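# Examination of the molecular architecture
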Amino acid sequence: MEFRKYLRNIIFAEIFHIHMYTKEEKKELVKHFWTEFDDYCSQLPELAGAKKKWLLHRTKISHVAMKFEAGREYADVILEINHKNEARRLEVYELVEKYKLLLEDGFPEGLTWDFAFVRDNGQDVCRIYERKKGVDMHRQKQWNEIFAFFAENMLQLQNNFLDFSDILKEEILALNR
C-alpha cells in the first residue's frame, strides 16, 4: 500500500511539474536562493559596496521590521508590525496608516494593508506589502524575476519608510508615556 501511495505522488508531481523536495533539499534550495539574491544585489549600483543593504529588523523601532518572503506562487516585500500585544500592534499600525501617502509613493497600485494577517506559524501580525503573483522560488528560472522585484520594491519601500521613521518612532514612544 505504501508503494502505491509513493508511486501516486511521483505521478502527480510529474503531471503537474512539481518537484518533491526532502527537508535537506529544501533547506539547500532556500540557502542557495538567498545567496544568489545577495550576489544579485551586490551588482546593483544603488547597493554596490553597501555593508548593510537592507534595513530588515534594523528599523530602530521595536516590533517593526521589513521582510522579503517568497513562496510557491508569490513574492512579497513587507513592512510588518509584530508586537504580541494586539492592542499595541493595532496602535502602531494606525500610526503607520497616517503616513500611507508617503509609504505608497512610487507604488502605482498602492500597497496591500492587512491589520489581521496570520503567518504560517499562527502568529498574528499587521502587514503592509507589495506582492508579485505567479512566481515560484522553487523554479530557478524565475529567480532573476523575483530578485528584480525584491530589489526594486524593497528599495522603494525602505526609502519611503525612512522618510517618516524618526517621527513614527517618537509617536510610538509617546504612546508609552
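Provided above is the structure to which this section pertains.
A brief structural summary. Computed from a prediction, not measured in an experiment: that's the story for all the values here.

## Some points on helix H3 (residues 86–97)
Helical periodicity: at 3.6 residues per turn, an α-helix aligns residues three or four positions apart in one direction. Under the 1.5 Å per step criterion, the end-to-end length of H3 is 16 Å for 12 residues, consistent within 8% with the ideal 16 Å. Those residues of H3 not exposed but buried are Arg88, Arg89, Val92, Tyr93, Leu95 and Val96. The buried residues of H3 occupy one face: seen down the axis, they fall within an arc of 160°. Set apart from the buried face of H3 by more than 90 degrees, the exposed residues are Ala87 and Glu94. Those residues of H3 that are buried are in contact with strand S1 (64–70), strand S2 (74–81), helix H4 (100–103), strand S3 (112–118), strand S4 (124–133) and helix H5 (143–176). Between the side-chain oxygen of the N-cap and the backbone nitrogen of Ala87 there are 3.0 Å, and the N-cap of H3 in question is Asn85.

## Digging into the pairing of S4
Two elements, S2 and S4, share eight bridges in a ladder whose sense is antiparallel. By the bridge assignment for S4, Asp76 is matched with Arg131. Sheet analysis places S3 next to S4, joined by five bridges and oriented antiparallel. Paired with Val118 across the strands is Asp124, a residue of S4.

## Re the nonpolar core
Trp54, Leu79, Val96, Leu103, Phe150, Phe161 and Leu168 are the most contacted members of the largest nonpolar core, which totals 43 residues. Looking at this core element by element, the count peaks at 13 residues for H5.

## Observations concerning the pattern of salt bridges
With the rule as written, the count across this model stands at 11 salt bridges. Here Glu80 and Arg127 are joined by a salt bridge, their closest N and O atoms 2.7 Å apart. Here Glu80 is found in strand S2, whereas its partner Arg127 is found in strand S4, with 47 residues between them in sequence. Close ionic contact of Lys98 with Glu171 constitutes a salt bridge, the shortest N to O distance being 2.9 Å. Linking Lys98 in the loop between H3 and H4 with Glu171 in helix H5, this pair joins segments that are 73 residues apart in sequence. One continuous salt-bridge network, built from bridges that share partners, spans Lys67, Glu69, Glu80, Arg119 and Arg127.

What counts, and where the lines are drawn
- Residues numbered from 1 in each chain as written.
- Predicted model: local features only at pLDDT ≥ 70, side-chain atom pairs only at ≥ 80, totals over all residues.
- Heavy atoms only, no water.
- Helix = DSSP H or I, 4+ residues; strand = E, 2+ residues; numbered from the N terminus.
- Expected span 1.5 Å × (residues − 1).
- Buried < 20%, exposed > 50% of the residue type's maximum accessible area, 1.4 Å probe, protein only.
- Arc of directions from axis to C-beta.
- Contact = heavy atoms within 4.5 Å.
- Polar contact = N/O pair within 3.5 Å; in protein donor to acceptor, adjacent residues only side chain to side chain.
- Pairing = 2+ DSSP bridges.
- Core = buried A, V, L, I, M, F, W, Y, C linked by side-chain atoms within 4.5 Å.
- Salt bridge = Lys/Arg side-chain N within 4 Å of Asp/Glu carboxyl O.

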